[in-house]
Amino acid sequence: MKIDSYNLFGLKSRKENLSTLIKDFEPDVICLQETHHPVPYLRHSFLRDYEIQHLEPISGKGEGVGILSSAGLEIIDSLPEYQKTFRNAVCCRVGGYYVVNLHAPWKYYLGRYGYNHKQRWFEELKNWIMSSFNQNDKVILSGDFNINYDVKSLEEDYGDYNGPMIGSRPLEISLMESILDLGFTDAFQYCGESFDEG
């Protein structure tokens, strides 16, 4: 099964990019983050072969996440309440796999929700994975985790990588590692430079 993940930062402005991705790579499953728009914008002709599970933004909650599958999908509605509240995760069963598409918080703090918003988000995700799946389940986590292991690039871009919105502080990296420690492989790190080559 071929899976692509794409943070669109708005489907309206990136629909041609998405169309090219589908044409060039013919993915079975596409995980989208930051669609920014409701379901009707996903009904383009180049998506006619895909079933869609999309969680659109409502009242400032979430930025739009979706799973598109050309192999059929079964919606799984057992996500943690914290993720449901912020509308930034969807889960489907595709064939013999569970596909979870996530858009983790960029900010560590979130106004009235407190400074540990990102920490709680990852902890709730970890607890849900541990209680929902067993070792024989095939689970694929995809999405934008807003974690950056490359501190140097952040220093160049932002100057102070210890700022409250940057995803490379030791605590934030440890949150991601706590998910990987459940038995997942970080495909981006595993494949290394091949991603940079296109």
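Residues numbered from 1 in each chain as written. Predicted model: local features only at pLDDT ≥ 70, side-chain atom pairs only at ≥ 80, totals over all residues. Heavy atoms only, no water.

(A) Quick peek at the overall build of the chain. Of regular secondary structure, the chain possesses six helices and eight strands. Ordered by position from N to C terminus, the α and β elements of the chain give β-α-β-β-β-β-α-β-β-α-β-α-α-α. By the burial criterion, 42% of the 198 residues in the chain qualify as buried. Counted over contacts in the chain with a minimum sequence separation of 6, partners at least 24 positions apart contribute 60%. (Helix = DSSP H or I, 4+ residues; strand = E, 2+ residues; numbered from the N terminus. Buried < 20%, exposed > 50% of the residue type's maximum accessible area, 1.4 Å probe, protein only. Contact = heavy atoms within 4.5 Å.)

(B) Representation of the side chain of Asp 4 in the model. Summarising the element assignment, Asp 4 is placed in strand β1 (residues 3-7). Among residues more than four places away in sequence, those in contact with Asp 4 are Leu 21, Phe 25, Pro 27, Val 29, Ile 30 and Cys 31.

(C) Summary view of the state of the cysteines. Counted according to the given criterion, the structure contains zero disulfides. With no disulfide partner, Cys 31 has as its closest neighbouring cysteine sulfur the one in Cys 92, 8.7 Å distant. Cysteine Cys 91 shares no disulfide, and the gap to the nearest cysteine sulfur, in Cys 92, comes to 6.6 Å. (Disulfide = S-S within 2.5 Å.)

(D) Up close: the sheet that holds strand β8 (residues 138-144). One open sheet holds the four strands; their spatial order is β5-β6-β7-β8, and the pairing between them is mixed. Whereas interior strands pair on both sides, the edge strands pair on one side only; in this sheet they are β5 (74-76) and β8. Between one strand and the next, the sheet's axes are offset by a mean angle of 25 degrees, whatever the strand orientation. The pairing of strand β6 (residues 89-94) with strand β7 (residues 97-103) spans six bridges and is antiparallel. Bridging from a neighbouring strand, Cys 91 pairs with Val 100 of β7. Against the sheet, helix α3 (residues 117-132) touches β6, β7 and β8, its axis set at about 175 degrees to β7. (Pairing = 2+ DSSP bridges. Axes fitted to C-alpha atoms, helices over the stretch in contact; angles between N-to-C directions.)

(E) Layout of the environment of Gln 33. Inspection of the secondary structure puts Gln 33 in strand β2 (residues 29-33). Residue class for Gln 33 comes out buried when judged on its relative accessible area of 1%. Expressed as a C-alpha distance, the spacing of Gln 33 and Val 65, which sit 32 residues apart in the sequence, is 4.5 Å. Non-local contacts of Gln 33, meaning those with residues more than four positions away in its chain, are made with Ser 5, Tyr 6, Asn 7, Leu 8, Phe 9, Gly 64, Val 65, Asn 101, Leu 102, His 103, Gly 143 and Asp 144. At 3.3 Å, the side chain of Gln 33 forms a polar contact with the backbone nitrogen of Asn 7. (Polar contact = N/O pair within 3.5 Å; in protein donor to acceptor, adjacent residues only side chain to side chain.)

(F) Seen up close, unusual backbone geometry. In the Ramachandran plot, Phe 9 falls in the positive-phi region, its phi being about 55 degrees despite a non-glycine side chain. Take Phe 9: it is sitting in the loop between β1 and α1 (11-25). Here Phe 9 falls in the exposed class, since its relative accessible area comes to 53%. Positive phi, normally seen in glycine, also occurs at Glu 34, with a value near 55 degrees. One can find Glu 34 in the loop between β2 and β3 (51-55). Relative accessible area serves as the criterion here: at 10%, Glu 34 is assigned to the buried category.

(G) Geometry of the sheet that holds β1. The mixed open sheet is built from four strands, whose spatial order is β1-β2-β4-β3. Two strands close off the open sheet at either side, each with one partner strand: β1 and β3. Taking each pair of neighbouring strands and ignoring which way they run, the sheet shows an average axis angle of 10 degrees. Across five bridges, the pairing between β3 and strand β4 (residues 65-69) is antiparallel. Its bridge partner being in β4, Gln 53 is matched across the sheet by Ile 67. Running at roughly 165 degrees to β1, α1 makes contact with β1 and β2 of the sheet.

(H) Main features of the packing of α3 against helix α5 (residues 170-180). Running from amino to carboxyl end, α3 crosses α5 at an angle of 10 degrees, the nearest separation of the two axes being 10 Å. By the angle between their directions, the pair α3 and α5 is classed as roughly parallel. Here Lys 118, Gln 119, Phe 122, Leu 125, Lys 126 and Ile 129 of α3 come into contact with α5, specifically with Leu 171, Glu 172, Leu 175, Met 176, Ser 178 and Ile 179. Looking at the contact of α3 with α5, its residues break down into seven nonpolar, two polar and three charged. (Parallel < 35°, antiparallel > 145°, perpendicular 65-115°, else oblique. Nonpolar A, V, L, I, M, F, W, Y, C, P; charged D, E, K, R; others polar.)

Keep in mind these numbers describe shape, not what the thing actually does.
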